[in-house]
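Here is what each chain is made of, one letter per residue.
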Amino acid sequence: MATQTESRFSRYREVFLSFLSDTWIGYAFVIPATIILAVIIGYPTLRGLYLAFFEVSLLNPEQMNFVGLENFAALASDPIFKQALWHTVLLTALAVSLQYLLGLGLALALKEKVPGAGIFRSLSMVTWVMPVIVMVIIFRFMVQNGFGPINILLDSLGMPTTYWFGEPGVAFPLIIVMHIWRNVPFYAISLLAAMQSIPKEQYEAARLDSAGPLQRFRHITLPQISYVSMIMIVLHVTFTFKNFDIVYLSTGGGPLGNTEVLATYVYKQAFEQYALGMGASIGVVMLILMLAFTVIYVKLEEVD
Amino acid sequence: MATNTDPESRNIAQRIDAWLDDDMSPRRALVVYLVLGLYFAFLLLPVVYMVLVSFTSQEFLFSSELLPSLGDLTLYNYEAVLSRGDFRTYFVNSMIVATSTTLLVLTVGILAGYSMSRFEYPGRGALLYAFLSTQMLPLVLILIPFYLLMNSLNLVDSLFGIIIAHAVIGIPLGTWLLKGYIDDIPESLDEAAKMDGCSHLSILRRVIVPLAMPGIAVSGFYTFILSWNDYLLVSMLSQTAATRTLPFGLQLFQAQNTVAWNLLIAAAVITMAPVILLFAVAQRWVVEGLASGGMKGN
């Protein structure tokens, strides 16, 4: 009897110890990634949030004056901030919805089994893999006055020519076009993969019920690509909302603030006005808006 | 069905069926080609045109001609760009940084992905969310504290500092993708290896890594282009020519008011060539993997 209890006890002990050691090994494996992230990104983030409540100059970052919510109050009455916020929201809404629609269209075209479709599929991601700076160079070259191909074409049609990134009404649409150019293939390939994983039998069954192509798209395709669509939309809303380099490298926020977005405004506040606290408070507003969007969108998707 | 023994007629019926199934009448195929043609004209013509222009003389480039004649073609731009020692340094730096970042992200990502996939411990789910939420942070918010931190760690103006910075951006998504792929490997294989007396590290090396290769290829590719293409972090951390990488180094050909377009375009082609080549090689896995990666998180 005694030996039985003992052996049972020792078995428990063994299970417990192996559970303990497994837990420790689990922690050990995840620790390198966690430490790198915590130190290099976690700490600066907390520090950035903290800075938003101070008046700090880049020229003397040690000297910090606590100002409470004053930075945020200043933002509320800052016309450039409001303009940048509006541009950011507009850019994100237009770029992401156009990308999604055009990506869906490309996915439907790539899904067709025409000869050579494979070549199109493999060529499609070229714009997505190239560096942003190279994309910007391509676009800036194309709209150069005098020798850029777009202007050569416009000129031959007798239309006005100019450096279009410097044209107030045109610079903003051009930036949307760059977003579309870069990201549509990624949407298309992801949506295509989702479409191809839909069992063919469902289409056959719908066909037997004499559902037309549009009905089949509405009732079979759309519901089953909704999860991937959600991922793509959340991913690109956050990407576009916080994106810095596409705008900064192509127009720098100009002409006359026409393409100023929150990310470029943060950068200017910090590095041109040396107002670190002010810049950080704009960053905090961006973070809050993005979190709010993600939570609401995911909740809405769950309700559906 | 069984009564239909005439192979000839059945064959025709099947062909008609298949044809209906495909729904690919010539008219429809034409429309599909037209749509694809429009898309790819928009996507690829600018790239093709840039590559073409990079092989032409400066006189042609600044002329108002749209297409070069044979006489305009030259390799001069590439010779001029590649003969610059600083540009060659940037290229080597880019290679070192992108390769090391990829290796670093894959190493810690495989460990973390394995841990999150196979071990139960308190805080596991929260950790994964914490990893992913870093993707939402606006980089501009953390730029200054990040710079001050790197400065105090002596990581400013060093390739190692740039590698660490890029790794931080790549680790969250890399870990998440790898966890998805490792989740797909049946746990019975781990158990079998454990029975044979394998330690966790050797299970990782002999079972997990070989079977997760497609996922490793995807995460590796994603990290490589992320590092290769980065401009913002390098512009922050690199202060001398010795640590510059290609995207930031392209400013070599843009002075305050004058841009040496012929050289800049050739240099831009050289800058994008490695990632495009890599993509061409890895395309099969990457396209499928990136697309299915999104669905795996379900």
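Cut-offs applied
Once a new chain begins, its residue numbering starts again from 1 and follows that chain's sequence as written. To read the labels, note that chains go from A and ligands from 1, taken in the order they are written. Per-residue local features of the predicted model are confined to residues with pLDDT of at least 70, and side-chain atom pairs are confined, for both listing and counting, to 80 or more; whole-chain, interface and lining totals are unaffected and use all residues. A run of H or I in DSSP counts as a helix once it spans at least four residues, and a run of E counts as a strand once it spans at least two, with each numbered from the N terminus. Radius of gyration here uses only the C-alpha atoms, and the compact-globule reference equals 2.2 Å multiplied by the residue count raised to the power 0.38. Counts of 20 or more other C-beta atoms within 10 Å of a residue's own C-beta define buried residues, counts of 12 or fewer define exposed ones, and intermediate counts define partly exposed ones; C-beta atoms are placed from the backbone. A pair of residues counts as a contact when their C-beta atoms, built from backbone coordinates, are within 7 Å of each other. Under this grouping Gly is polar, as are all residues other than the nonpolar Ala, Val, Leu, Ile, Met, Phe, Trp, Tyr, Cys and Pro and the charged Asp, Glu, Lys and Arg. In this description, a nonpolar core means buried residues of the types Ala, Val, Leu, Ile, Met, Phe, Trp, Tyr and Cys, linked to one another by C-beta atoms lying within 7 Å. Only the contacting stretch of a helix is used when fitting its axis, a line to C-alpha atoms as for every element, and angles between N-to-C directions run 0 to 180 degrees. Reported orientations rely on four angle classes, namely roughly parallel under 35 degrees, roughly antiparallel over 145, roughly perpendicular from 65 to 115, and oblique for the rest. What marks off one domain from the next here is an automatic or database domain assignment. A helix is expected to span 1.5 Å for every residue after the first. It is the directions from the helix axis to the C-beta atoms whose arc is reported. By convention, the crossing between two helices is left-handed when the near helix turns anticlockwise from the far helix through less than a right angle, and right-handed when the turn is clockwise. Note on pairing: DSSP must find at least two bridges between two strands before they are called paired. Confidence of the predictor in every single residue is expressed as pLDDT, which spans 0 to 100.

A. Region of the structure containing the overall build of chain A. The helix and strand inventory of chain A stands at 14 helices and two strands. For chain A, the C-alpha radius of gyration of 27 Å lies well beyond 19 Å, the compact-globule estimate for 304 residues. If one aligns the C-alpha atoms of chain A with their principal axes, the spans along those axes are about 105 × 75 × 35 Å. Expressed as a percentage of the 304 residues in chain A, the buried residues total 39%. Pairs at least 24 apart in sequence give 69% of the contacts found in chain A among residues at least 6 apart.

B. Up close: the overall build of chain B. Helix and strand content of chain B: 14 helices and zero strands. Sequence-ordered secondary structure for chain B, helices as α and strands as β, is α-α-α-α-α-α-α-α-α-α-α-α-α-α. Residue burial in chain B is summarised as follows: out of 298 residues, 42% are buried. Looking at chain B alone, contacts between residues at least 24 apart form 76% of all its contacts between residues at least 6 apart.

C. Summary view of the interface of chain B and chain A. Listed as interface residues are 76 residues of chain B and, on the opposing side, 72 residues of chain A. Sorting the residues of the side of chain B that touches chain A by element identifies α2 (26-54), α5 (85-118), α6 (124-133), α7 (139-152), α8 (159-183), α11 (213-229) and α14 (261-296) of chain B as the ones contributing at least two each. Sorting elements by how many residues they give to the side of chain B that touches chain A places α14 of chain B first, with 16 residues. Across the side of chain B that touches chain A, the residue classes break down as 61 nonpolar, 13 polar and two charged.

D. Quick peek at unusual backbone geometry. Residues and elements named next belong to chain A. In this structure, the amide linkage connecting Gly254 to the following residue, Pro255, adopts the cis form with an omega of -10°. Here Pro255 is to be found in the loop between α12 (245-250) and α13 (262-271). Located in the positive-phi region is Leu256, a residue other than glycine, with phi close to 55°. Structurally, the position occupied by Leu256 is in the loop between α12 and α13.

E. Geometry of the nonpolar core. Ranked by size, the top nonpolar core spans 155 residues in total, and within it Ile265 and Ala267 of chain B carry the most contacts. Among the elements that take part in this core, helix α8 (residues 168-196) of chain A stands out by supplying 15 residues, more than any other. Residues contacting Ile265 of chain B, with those up to four places away along its chain left out, are Ile137 and Phe141 of chain A together with Met50, Val53 and Ser54 of chain B.

F. Region of the structure containing the packing of helix α6 (residues 132-142) of chain A against α2 of chain B. Viewed as axis vectors pointing N to C, α6 of chain A and α2 of chain B meet at an angle of 85°, and their least axial separation amounts to 10 Å. Taken as axis vectors, α6 of chain A and α2 of chain B run roughly perpendicular relative to one another. When α6 of chain A is examined against α2 of chain B, the residues Ile138, Phe141 and Met142 of chain A are found in contact with a partner set consisting of Pro46, Val47 and Met50 of chain B. Broken down by class, the residue content of the contact of α6 of chain A with α2 of chain B amounts to six nonpolar, no polar and no charged.

G. Here's a closer look at the domain arrangement of chain A. Domain annotation for chain A reports domain 1 (2-51) and domain 2 (78-303). On a C-alpha basis, the centroid separation for the pair domain 1 of chain A and domain 2 of chain A is 41 Å.

H. Spatial organisation of helix α10 (residues 200-211) of chain B. Residue and element names in this part refer to chain B. The first and last C-alpha atoms of α10 sit 15 Å apart over twelve residues, in line with the 16 Å expected at 1.5 Å per residue. For α10, the full list of buried residues reads His200, Ile203, Leu204 and Ile208. Buried residues of α10 fall within an arc of 100° about the axis and therefore sit on the same side.

I. Looking closely at the packing of helix α3 (residues 79-111) of chain A against helix α11 (residues 226-242) of chain A. Residue and element names in this part refer to chain A. The interhelical angle for the contact between α3 and α11, taken along N-to-C directions, is 145°, at an axis separation of 9 Å. Crossing of α3 against α11: the hand is right-handed. Touching Thr88, Leu91, Thr92, Ala95, Val96, Gln99 and Tyr100 of α3 are Ile233, His236, Val237, Thr240 and Phe241, all from α11. Classifying every residue of the contact of α3 with α11 by side-chain character gives seven nonpolar, five polar and no charged.

J. How the structure looks around the pairing of strand β2 (residues 60-66) of chain A. Residue and element names in this part refer to chain A. Of all seven residues that make up β2, zero are buried, and the element is exposed over most of its length. Pairing geometry for strand β1 (residues 54-57) and β2, over four bridges, is antiparallel. Bridge pairing links Val56 to Met64 in β2. With antiparallel pairing between neighbouring strands as the criterion, β1 and β2 make up a hairpin whose turn holds two residues.

K. Here's a closer look at the environment of Ser133 of chain B. Residues and elements named next belong to chain B. In this structure, Ser133 sits in helix α6. Taking the number of C-beta atoms within 10 Å as the measure of exposure, Ser133 has 13 and is therefore partly exposed. Note: C-alpha distance between Ser133 and Pro172 (39 residues apart in sequence) is 8.5 Å.

L. The environment of Ile110 of chain B, seen in detail. Residue and element names in this part refer to chain B. Mapped onto the elements of the fold, Ile110 is located in helix α5. Since 26 C-beta atoms lie within 10 Å of it, Ile110 is described here as buried. As for Ile110 and Ile208, which are separated by 98 residues in sequence, their C-alpha atoms are 9.0 Å apart. Those residues in contact with Ile110 that sit more than four places away from it in its chain are Leu178 and Val209.

M. Region of the structure containing the confidence of the model for chain B. Residue and element names in this part refer to chain B. In the predicted model, chain B carries a mean pLDDT of 85, and 88% of its residues have values of at least 70. Across chain B, α5 holds the top mean pLDDT of 95, while helix α1 (residues 7-22) sits lowest at 55. Throughout residues 1-5 the model reports pLDDT below 50, and contacts reaching past four residues in sequence, or to other chains, amount to one contact.

N. Inspection of the environment of Arg84 of chain B at higher detail. Mapping Arg84 of chain B onto the fold places it in the loop between α4 (76-82) and α5. Sequence spacing of Arg84 of chain B and Tyr181 of chain B is 97 residues, and the spatial spacing of their C-alpha atoms is 44 Å.

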